[in-house]
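Structural overview
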Protein chains: 4
Amino acid sequence: MIITIKRDQDKKQLNNLLLWIKDLGLQADISEGEHSTVVGLVGDTSKVDIDLVKSLDIVENVTRISEPYKKANRKFHPEDTIINVGGYKIGGNHFQIMAGPCSVESEKQVTAIAKAVRESGATILRGGAFKPRTSPYAFQGLGVDGLKILLKVKEETGMPIVTELMNEKYLDEFADVDIIQIGARNMQNFDLLKAVGKVNKPILLKRGLAATMEEWLMSAEYIMANGNNKVILCERGIRTYETYTRNTLDLSAIPLMKEKTHLPIIVDPSHASGISRLVRPMSLAAVGAGADGLIIEVHNDPPHALCDGAQSLRPEQFDEVVKAIDVMLPVVNKVRG
Amino acid sequence: MIITIKRDQDKKQLNNLLLWIKDLGLQADISEGEHSTVVGLVGDTSKVDIDLVKSLDIVENVTRISEPYKKANRKFHPEDTIINVGGYKIGGNHFQIMAGPCSVESEKQVTAIAKAVRESGATILRGGAFKPRTSPYAFQGLGVDGLKILLKVKEETGMPIVTELMNEKYLDEFADVDIIQIGARNMQNFDLLKAVGKVNKPILLKRGLAATMEEWLMSAEYIMANGNNKVILCERGIRTYETYTRNTLDLSAIPLMKEKTHLPIIVDPSHASGISRLVRPMSLAAVGAGADGLIIEVHNDPPHALCDGAQSLRPEQFDEVVKAIDVMLPVVNKVRG
Amino acid sequence: MIITIKRDQDKKQLNNLLLWIKDLGLQADISEGEHSTVVGLVGDTSKVDIDLVKSLDIVENVTRISEPYKKANRKFHPEDTIINVGGYKIGGNHFQIMAGPCSVESEKQVTAIAKAVRESGATILRGGAFKPRTSPYAFQGLGVDGLKILLKVKEETGMPIVTELMNEKYLDEFADVDIIQIGARNMQNFDLLKAVGKVNKPILLKRGLAATMEEWLMSAEYIMANGNNKVILCERGIRTYETYTRNTLDLSAIPLMKEKTHLPIIVDPSHASGISRLVRPMSLAAVGAGADGLIIEVHNDPPHALCDGAQSLRPEQFDEVVKAIDVMLPVVNKVRG
Amino acid sequence: MIITIKRDQDKKQLNNLLLWIKDLGLQADISEGEHSTVVGLVGDTSKVDIDLVKSLDIVENVTRISEPYKKANRKFHPEDTIINVGGYKIGGNHFQIMAGPCSVESEKQVTAIAKAVRESGATILRGGAFKPRTSPYAFQGLGVDGLKILLKVKEETGMPIVTELMNEKYLDEFADVDIIQIGARNMQNFDLLKAVGKVNKPILLKRGLAATMEEWLMSAEYIMANGNNKVILCERGIRTYETYTRNTLDLSAIPLMKEKTHLPIIVDPSHASGISRLVRPMSLAAVGAGADGLIIEVHNDPPHALCDGAQSLRPEQFDEVVKAIDVMLPVVNKVRG
């Protein structure tokens, strides 16, 4: 960490700062320039609150040189983390497709979709039981009942399941869920992160609506610092000024995150745009960018299930997307399944 | 709600949409234009999922004409909501100043600051016991012990207190807290919103880091729909591309929100910029914009409490800010206290 | 266009609005609702200033139903526009790769790079003579001398060239340039758009740093309304709050723009991130998203040309990218060259 | 400037970088850490292209310690710049109000408005002759004829005038204009900045729609580096994800820019929101934030001049705003006129 001190500053305040640095167990290297003094901090600076230092009167600027995340950092863990979910590997040269309905509606619906997407090549079943909704008047999901349906279909089809947890008080009900999803709006619900950090189960951590890559990694770090290293990252679009799409899918995050971290990273092309017509092109784009997998919404009967069908692919469209992906995978050195 | 249908569309799909609209108990007025068909929805459209309709293949565009929030909507509640906190009124022509340390450190510290800010004109004491931190390695606050200190100082000084709740499981411990704060990162933690919606206590709802005004109002609506109408909104800066300030304080939100809602709205000038030198000018700007109050960080001994002192005002600086505010208040038809 | 009027409004102001609508040659359909009155405008509303109407006291909301762009609108021109550049076709099922150095340095440099990229499959040579730079102290390009070098290399290699115009006063010097580039910072330099609208030459219109897709299309419309229909759009990354990348490449813009407009659209993967390591993955992602081509920076001797080499690919890296693209093109129904 | 080098790097590349630094006339201080090597650059680093260095393979991070702007930098020019416009001073403890119609319509209109706003306290007359418009089909202003009207009214009323220049070819026609405005969309039209840098006349430089404060200062630097030090900055709202307001007025930029630069800075409360009802609160907020002045749209006959009237204040509303400002000015140590 490099702290630039304004020129002509009160020596007392600088000394206070230097004492405080020493108290944190860090060494301070000082070099005097013409217009400013530069203090270099040597040691484990992950504990230093950068905003705090920035706000000091005598400080002009602060730059972190080492990243604030450690367990998620590729520097200290150069090999790709590969996470095993019911025999399917996520990370490395594997490419997994998770698919299923946005919301769980009935056992019949979920079973039909599960079988169709498994047939096409999906290995993991997704489905929402608890649904985070902007409006208190919107349908909030079937909750525990939806979860039970998912678990039944898991038994029937043998597919591992991924579903969202919104409240730590339901953790017991999630005992047989294969991957616990933390949604974008809860990416900085630190108490929830701590709770799933104590679970021995893969966590799918969606990027927050307006989270920087660093904040996203710090949220992964929360889970890992509490003991759970099985974190799968999921890019799902960020908030920008653009209004033609609901969110802007940030695919450049894929190769960049792969440099910063050893954790696997997948893409959700359905939620980013909110437009089913964009799912195919953005799925192929995600493959090109180097993603470790996709999580796609599929619905079997859009006309009679307006809600989910609308932003979802139909099974036959999904099948075509998987076929196109298969042509592309060798280019990115990935193997499906 | 106005739905524009693409031209040359499959009549069957349009009929499905019209049936679905009818099922929701709404009336559909259809008018055919040269390039598109427009469907106007009449009735209570707050239940309609706008994203869902937008994502339909036959739909070109959807516009909401009536707002999705009702209880928070000034249209249905034209008079300002005035919330009574220990005898102090928030809203209407009242102007309240909440002040105190960022984090609770000790009873001695909080008492000293409380007495100083009360002397200058603050009516409500703020202080953080549970601290949401981006890093799992940063100090997370004193927790329940910090809360106990705040309650003790409340007893000693008679000042009502406001402090942040991060997890509904601590609600019992918050029984004697006067205002429960929901932080920016939890603004869309819907389970937490539901929980504080069942409490009979004012809720200070901070705007999310990247929340639109509409999402912010929808989060207020969550609390109100669960039975608690005592919501105080708090603008604290939004995320933009600018990096010189930590966040961009959106003061135009103040007069605009006052048109949209009857709820009181205050400003946090300390967190937005993260720079104590900006607290005075942004406090005065907030008064000019028409805010119903301020929540300001004040620390008594910055050199020995580097953490809080840094981004906080010293009591004597705070005193000068209050004096400046007093000159301005008549211009905005407000009375302090 | 749909105008929602606030309830309980002065009839005189509403009548003024209706008269003004009539004066614009438009028809107004009025329907009274419980909480608001809705006015539907029928006719050519592209002349209506939406911001103006929005700002009226009696107006609650305005929604455009037909887009403000016409010549660029796919609705009125359903077939893809295909632009011929020296025998190479841009648009439709064609995929063209433009490549070359960021800045023109010398004839020798440009020739060597041109030959290398042509060998690998690039059909059009890019190179900057006039360089828009944030700092007045940075190298601003060789200017007219750089242009002369590009034209010489065009003659030697037979490759059409694309280069940026920053000031209409140089239009004569651009007589033999094949594609005139309008840079991101000039996307709303309306006088420059009008000037190139009067030229009979393809224009490469880069998306502005923070331009919405609609503003981008309106800038294309400026060129087309002045008589030049040969507009090639170029996505190059937009400004967001993320700081790990210089800009966020918005690849979802590709399939969405293809719905809105018939104009071809290519992607610049070099400038978006500013990191040469991301050029390959983002090139492949752009292909997956359905782009009509790429414009890539290539430099032959990075160690001795630090400036350009740094964010550029080396010819051998570029060659590998083209080979990977070739595997992918059938998936998106495109043919290179 | 601090360059962090990745660990285990090719020594040859590092040496190339060090040679290049030396070639730029800078000194390089190297210190080896456990996980990275840090290179400190000493000397005038304003010529160093930070993006270029960032993009090098061996570089992990680059931080500028000294700002890239010099002439605009308060460090090298601690006293406030005060600019004299026809006897009125802008900067220091002066507060000037510029007012007038959005677009020039007729001599009668401009004269009436000019007299009204002068009466209320405006000292400088604003009015648009050349209007930058997103749509090629929208009214583009009266152009040179509008300019002639403004100059006539200047003669009649004695008020200095400020108006926008969009194209350097009209510079001769602007000979008697008192302040040349560069609009937000042209803030990085570098050729236009160079052109007005050669003029001996105050330049009102509006902040770009999505410009960082640093880019804004660099554009001021362009003008100053070309010889013209009379730059007045104007905050007019930045682009964010929020859609309730057209732009988000960034008032925290005022106190922050006052730390970074000695140039005066004013606020445009009319364009930021596009809503006339917000002009009063945002004007008062701008005063509180410490602005050196305001530029406000005023129209005398809104019902018959729908275009301008709509987002403008009426003269009597403007008069009330000035009266409110007068109460506030002592708090910020400013004197009007």
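Residues numbered from 1 in each chain as written. Chains lettered and ligands numbered in written order. Predicted model: local features only at pLDDT ≥ 70, side-chain atom pairs only at ≥ 80, totals over all residues. Heavy atoms only, no water.

Things to note about the domain arrangement of chain A
Annotation of chain A at the domain level lists domain 1 (2-63) and domain 2 (83-336). If you average the C-alpha positions of domain 1 of chain A and of domain 2 of chain A, the two centres end up 43 Å apart. (Domains from an automatic or database assignment.)

With respect to the nonpolar core
Here is a general trend for soluble globular proteins: nonpolar side chains tend to be buried in one another's company. If you look at the biggest cluster of nonpolar residues, it comprises 321 residues, and the most contacted ones within it are Leu 251 of chain A, Leu 251 of chain B, Leu 251 of chain C together with Leu 251 of chain D. If sequence neighbours within four positions are ignored, Leu 251 of chain D has contacts with Leu 251 and Met 282 of chain B together with Val 267, Met 282, Ala 285, Ala 286 and Ala 289 of chain D. (Core = buried A, V, L, I, M, F, W, Y, C linked by side-chain atoms within 4.5 Å. Buried < 20%, exposed > 50% of the residue type's maximum accessible area, 1.4 Å probe, protein only. Contact = heavy atoms within 4.5 Å.)

Here we look at the relation of the copies chain C and chain D
When chain C is fitted onto chain D, the two copies agree to an RMSD of 0.0 Å after a turn of 180 degrees and an axial shift of 0.0 Å. Both copies are brought into coincidence by an operation consistent with a two-fold rotation axis. Across chain C, the rotation axis passes nearest the C-alpha of Ala 210 of chain C, at a separation of 3.0 Å. Both copies share a contact surface, since 100% of the interface residues of chain C are interface residues in chain D too. (Least-squares fit on C-alpha atoms with pLDDT ≥ 70 in both.)

Description of the sheet that holds strand E4 (residues 59-63) of chain D
Residue and element names in this part refer to chain D. Here four strands make up an open sheet; going across it, the order is E2-E3-E1-E4 and the pairing antiparallel. Looking at strand neighbours, the two that pair on one side only are strand E2 (27-32) and E4, the edges of this open sheet. Pairwise comparison of adjacent strand axes, ignoring direction, gives a mean angle of 20 degrees for this sheet. Across the sheet, helix H1 (residues 11-23) is in contact with strand E1 (2-6), E2, strand E3 (36-42) and E4; its angle to E1 comes to roughly 165 degrees. (Pairing = 2+ DSSP bridges. Helix = DSSP H or I, 4+ residues; strand = E, 2+ residues; numbered from the N terminus. Axes fitted to C-alpha atoms, helices over the stretch in contact; angles between N-to-C directions.)

Some thoughts on the interface of chain B and chain A
Listed as interface residues are 50 residues of chain B and, on the opposing side, 50 residues of chain A. Both sides together, the interface formed by chain B and chain A hides about 4500 Å², and carbon and sulfur atoms give 51% of it. At the junction of chain B with chain A, the criterion picks out four salt bridges. A salt bridge links Glu 168 of chain B to Lys 169 of chain A; the nearest nitrogen and oxygen atoms lie 3.8 Å apart. With five residues, helix H6 (residues 213-225) of chain B is the largest single contributor of residues to the side of chain B that touches chain A. Grouping the amino acids of the side of chain B that touches chain A by side-chain chemistry returns 19 nonpolar, 14 polar and 17 charged. (Buried area = accessible area lost by both parts, 1.4 Å probe. Salt bridge = Lys/Arg side-chain N within 4 Å of Asp/Glu carboxyl O. Nonpolar A, V, L, I, M, F, W, Y, C, P; charged D, E, K, R; others polar.)

Digging into the packing of aromatic side chains
In total, this model carries twelve aromatic pairs over all chains according to the counting rule given. Aromatic pair Phe 190 of chain A and Tyr 222 of chain A: ring centres 4.7 Å apart, planes at 20 degrees, arrangement stacked. Of the two residues, Phe 190 of chain A is situated in helix H5 (residues 190-197) and Tyr 222 of chain A in helix H6 (residues 213-225); the sequence distance between them amounts to 32 residues. Grouping aromatic residues by their ring pairs yields a cluster made of Phe 130, Tyr 170 and Phe 174 of chain A. Positioned above the aromatic ring of Tyr 244 of chain D, the side-chain terminus of Lys 260 of chain B is 4.5 Å from the ring centre. (Phe/Tyr/Trp six-rings, centres within 6.5 Å; stacked < 30°, edge-to-face > 60°. Lys NZ or Arg CZ within 6 Å of the ring centre and 35° of its normal.)

Structural notes on the pattern of salt bridges
For the structure shown, the criterion picks out 68 salt bridges over all chains. The closest approach of N and O atoms between Glu 242 of chain C and Arg 207 of chain A, which form a salt bridge, is 2.8 Å. Note that Glu 242 of chain C is positioned in the loop between strand E12 (231-235) and helix H7 (253-260) and Arg 207 of chain A in the loop between strand E11 (203-206) and H6, a pairing that runs across two chains. As far as the burial class goes, Glu 242 of chain C and Arg 207 of chain A line up, both buried. Its salt-bridge partner being Arg 336 of chain C, residue Asp 326 of chain C comes within 2.7 Å of it at the nearest N-O pair. Here Arg 336 of chain C lies in strand E15 (residues 335-336) and Asp 326 of chain C lies in helix H11 (residues 315-328), a separation of ten residues in the sequence. On the basis of relative accessible area, Asp 326 of chain C is assigned to the partly exposed category, the value being 32%.

Structural notes on the interface of chain C and chain D
Listed by partner, the interface residues are 50 residues for chain C and 50 residues for chain D. Between chain C and chain D lies a buried interface of about 4600 Å² when both sides are counted; carbon and sulfur atoms form 51% of it. At the surface where chain C touches chain D, the tally comes to four salt bridges. Counting across the interface, chain C meets chain D through 20 residue pairs in polar contact (both at pLDDT 80 or more). When residues of the side of chain C that touches chain D are traced back to their parent elements, those giving at least two are helix H1 (11-23), helix H2 (50-54), helix H5 (190-197), helix H6 (213-225) and helix H10 (306-311) of chain C. (Polar contact = N/O pair within 3.5 Å; in protein donor to acceptor, adjacent residues only side chain to side chain.)

Concerning the relation of the copies chain B and chain A
Rotating chain B by 180 degrees and translating it 0.0 Å along the rotation axis places it on chain A, where the RMSD comes to 0.0 Å. A high fraction, 100%, of the interface residues of chain B reappear at the interface in chain A, so the copies pair face to face through one surface.

Some details on helix H5 (residues 190-197) of chain D
Residues and elements named next belong to chain D. Among the eight residues that make up H5, seven are buried, leaving the element largely enclosed by the rest of the structure. If you check which residues of H5 are buried, you get Phe 190, Asp 191, Leu 192, Leu 193, Ala 195, Val 196 and Gly 197. On the buried face of H5, the contacting elements are strand E10 (179-182), strand E11 (203-206) and helix H6 (213-225).

So, the environment of Arg 64 of chain D
Mapping Arg 64 of chain D onto the fold places it in the loop between E4 and strand E5 (83-85). Arg 64 of chain D gets classed as buried once you look at its relative accessible area, which sits at 13%. Along the chain, Arg 64 of chain D and Val 48 of chain D lie 16 residues apart, while their C-alpha atoms are 9.6 Å from each other. In this structure Arg 64 of chain D touches Asn 61 of chain A together with Met 1, Thr 45, Ser 46, Val 48 and Ile 50 of chain D, once residues within four positions along its chain are discounted.

Side note on the pairing of strand E11 (residues 203-206) of chain B
All names here are of chain B. Both faces of E11 are covered, namely the face carrying Ile 203 and Leu 205 and the face carrying Leu 204 and Lys 206. Relative to E11, strand E10 (residues 179-182) runs parallel, the two being bridged by three bridges. When the bridges of E11 are listed, Gln 181 appears paired with Leu 204. Read as a crossover between parallel neighbours, the route from E10 over helix H5 (residues 190-197) to E11 is right-handed. For E11 and strand E12 (residues 231-235), the ladder comprises four bridges, and the chain directions are parallel. Residue pairing across strands places Ile 203 opposite Val 231, the latter belonging to E12. Read from E11 through H6 to E12, the crossover connection turns out right-handed. (Right-handed = clockwise from strand over helix to strand, strands pointing away.)

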